[in-house]
Structure formats: structure tokens, C-alpha cells
Amino acid sequence: MKNKKFIFFLLILLFFFFVWTFYFQNREIFSLNFIITLSSEIEAFINKNIYLSIIIFILGYGFLVICNFPLSSLLTITSGYFFGTWLGGIISIFGATLGAFIVFICAKYLFHEIIKRKIISKYTKIENFYNKNENELMVLIRIIPVTPFVIQNFLLAGFGAKNIKFLITTIIGLSPWAFIYASIGFGLDELIENNFKLSINIFLKAEYVIPILLMFLIAILLIFKKKNWNLN
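The structure displayed is predicted, hence computed values, not measured ones.

Procedures and definitions
- Residues numbered from 1 in each chain as written.
- Predicted model: local features only at pLDDT ≥ 70, side-chain atom pairs only at ≥ 80, totals over all residues.
- Heavy atoms only, no water.
- Helix = DSSP H or I, 4+ residues; strand = E, 2+ residues; numbered from the N terminus.
- Buried < 20%, exposed > 50% of the residue type's maximum accessible area, 1.4 Å probe, protein only.
- Contact = heavy atoms within 4.5 Å.
- Areas by Shrake-Rupley, 256 points an atom, 1.4 Å probe, with all protein chains shown as cover.
- Axes fitted to C-alpha atoms, helices over the stretch in contact; angles between N-to-C directions.
- Left-handed = near helix turned anticlockwise from the far one by under 90°.
- Nonpolar A, V, L, I, M, F, W, Y, C, P; charged D, E, K, R; others polar.
- Polar contact = N/O pair within 3.5 Å; in protein donor to acceptor, adjacent residues only side chain to side chain.
- Phe/Tyr/Trp six-rings, centres within 6.5 Å; stacked < 30°, edge-to-face > 60°.
- pLDDT = per-residue confidence, 0-100.
- Patch = residues over 30% accessible without salt bridge, like charges linked within 9 Å, V, L, I, M, F, W, Y side chains within 5 Å.
- Salt bridge = Lys/Arg side-chain N within 4 Å of Asp/Glu carboxyl O.

> Go over the overall build of the protein chain with me, naming the residues and quoting the values.
Helix and strand counts for the protein chain come out as 12 helices and zero strands. Counting helices and strands in the order they occur from the N terminus, the protein chain gives α-α-α-α-α-α-α-α-α-α-α-α. The buried share among the 232 residues of the protein chain stands at 38%. Partitioning the contacts of the protein chain with sequence separation of at least 6, the portion at a separation of at least 24 is 80%. Element-wise, carbon and sulfur atoms account for 71% of the exposed surface of the protein chain, whose accessible area totals about 14,000 Å².

> Explain the packing of helix 3 (residues 39-48) against helix 5 (residues 72-83) to me, using residue names and the numbers behind them.
Taken N-terminus to C-terminus, the directions of helix 3 and helix 5 make an angle of 65 degrees; their axes are 10 Å apart at the nearest point. The hand of the helix 3/helix 5 crossing is right-handed. Residues S39, I42, E43 and I46 of helix 3 touch helix 5, and the partners they reach there are Y81, F82 and F83. For the contact of helix 3 with helix 5, the class distribution of residues is five nonpolar, one polar and one charged.

> Give a detailed account of the side chain of T170, specifying residues and quantitative values.
As for its placement among the helices and strands, T170 is situated in helix 10 (residues 163-186). Accessibility expressed as a relative area gives 0% for T170, which makes it buried. Polar side-chain contacts of T170 include one of 3.2 Å to the side chain of R142.

> Residue-level account of the packing of aromatic side chains, with values.
Taken as a whole, this structure holds eight aromatic pairs when the rule is applied. Aromatic pair F57 and F83: ring centres 5.9 Å apart, planes at 75 degrees, arrangement edge-to-face. You can see F57 sitting in helix 4 (residues 50-66) and its partner F83 sitting in helix 5, a full 26 residues away along the chain. Across the pair, exposure class does not vary: F57 and F83 are buried alike. Chaining the aromatic ring pairs together yields one cluster made of F57, Y61 and F83.

> For the confidence of the model for the protein chain, give the residues involved together with the corresponding values.
When pLDDT is low, close inspection of the predicted coordinates is not appropriate. On average, the protein chain scores 77 in pLDDT, and the residues at 70 or more come to 70%. Within the protein chain, the lowest mean pLDDT, 62, falls on helix 11 (residues 188-193), and the highest, 92, falls on helix 4.

> Tell me about the environment of K162, and please be specific about residues and values.
Relative to the elements of secondary structure, K162 occurs in the loop between helix 9 (149-159) and helix 10. When its relative accessible area of 53% is taken as the criterion, K162 is described as exposed.

> Outline a nonpolar patch on the surface, supporting the account with residue identities and numerical values.
Together, F22, I29, F34 and L38 line one region of the surface with nonpolar side chains, adding up to about 310 Å² of accessible area. Along the chain, the position of I29 falls in the loop between helix 1 (2-25) and helix 2 (32-37).

> Explain the packing of helix 3 against helix 4 residue by residue, including any values.
At their nearest, the axes of helix 3 and helix 4 sit 5 Å apart, and the two run at 120 degrees to each other. Two secondary-structure elements touch here, helix 3 through F45, I46 and K48 and helix 4 through I50, L52, S53 and I56.

> Account for helix 8 (residues 134-143), naming residues and giving values.
The element helix 8 is largely enclosed, with a buried count of eight among its 10 residues. Regarding helix 8, the residues found buried are E134, E136, L137, M138, V139, I141, R142 and I143.

Encoded structure:
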């Protein structure tokens, strides 16, 4: 078993080496400016192959999350730009959740005992708090992204989170941010036309207001639920 884990770990390292080497040698193709220059071709492809485009974007988003791609919000903005606030947000949620789940499963398989022994066991109060407030804390970790996304996945793997709970809480916690960033992408043309001059009228549209209200609603529900959180 240890040999299998070691081989799997080496394959992952090799995978990351090639991916990040490619990224550093071709940074320009991962910029928003580069994507905008190809927007006409991309939109034409999407219009002709909408379902295939959705699948490609979800898989691509998941792949980049697995690679710990920097500025994942840029991916969501891009999704909103090409697919609109609501569909773009949903696509981003599924893509991010897919990538996060794969990282989570790999972390549980390879590093669960190490994370638990080296990190979590040293902070028993945090572990006890997590065990007594599992669902709320898993959503809170997502909706208030204090730690990097990949670290969140590793920590939840160390805590031994259930797979189904991980998926559900990830979807809930990512939803507000996904729709907010997708709405920014959806309004990107208008911002470009105004030379990125922000106006309050731009942000009073449903595409902006509803996601922000959704985030506040989830936060309020968590705060209300906090009254029943077991802090001991």
C-alpha cells in the first residue's frame, strides 16, 4: 500500500511539474486580455456547440483547480463573460466543485494521516469544534475564503469530512462568490465600453444584487445558527 501511495505521489508531482512549467512559459494565454482578443471565435464556437462548450469549461475549470491555478476568480469571470451570470455561475460551481473534490479525495488517500497527526492533532480544540459543528463550519470555510482553496480541501481531508457533505457544503459555500464573479464577467463589455469607470447603476442590476444578497443570506443563517454552536 505504501509503495502504491508513493508511486501515486510521484506521478502527481510529475503532473504538477509539467503543468506549471507550461504555465510559466505561456502566461499570456491565461490572461483576461488574451481571452478577450479571442472572444469572437470563442463565442462562435459556443453558439454552435453550447452543450459541448459547457462540458469543456466545467472539465477545464476542474482541471485548473486541481493544478491550483492562481486567480480562480478569473475563470469565473470568464465563465460569466461567455455564458452569462446564472449559467456561467452554475458552470463555475460545478467546475470548482469537481476540481476540489478530486483534490480532496487524493488528499484523503495520500495525506489524511499525515495532516491529522502533524497538524490537526496539535489543535484538539479546533478538531472538537469541527466535529460538533461540521456542516456549518464547512460552509463557512468556503463562504469566507481566509485560506487558499487548495488548503481548504486539504484541511477538510485531514478532518475526515464525508464525501457527500463535502460536495454539498462546497456547492453551497461557493455559490454566492460564483454568481458575484460571473456577474462581473457578464458586465465586462459594459465596463470596457465605459473605460472601466464604475457607476452605481451598473451594480444595481439583478445580476449583481441577487448574488450579493445570497451571500448575506447564507452568512446571516450561519450567524443565527451560531447561537447553537457548541464551542466546547
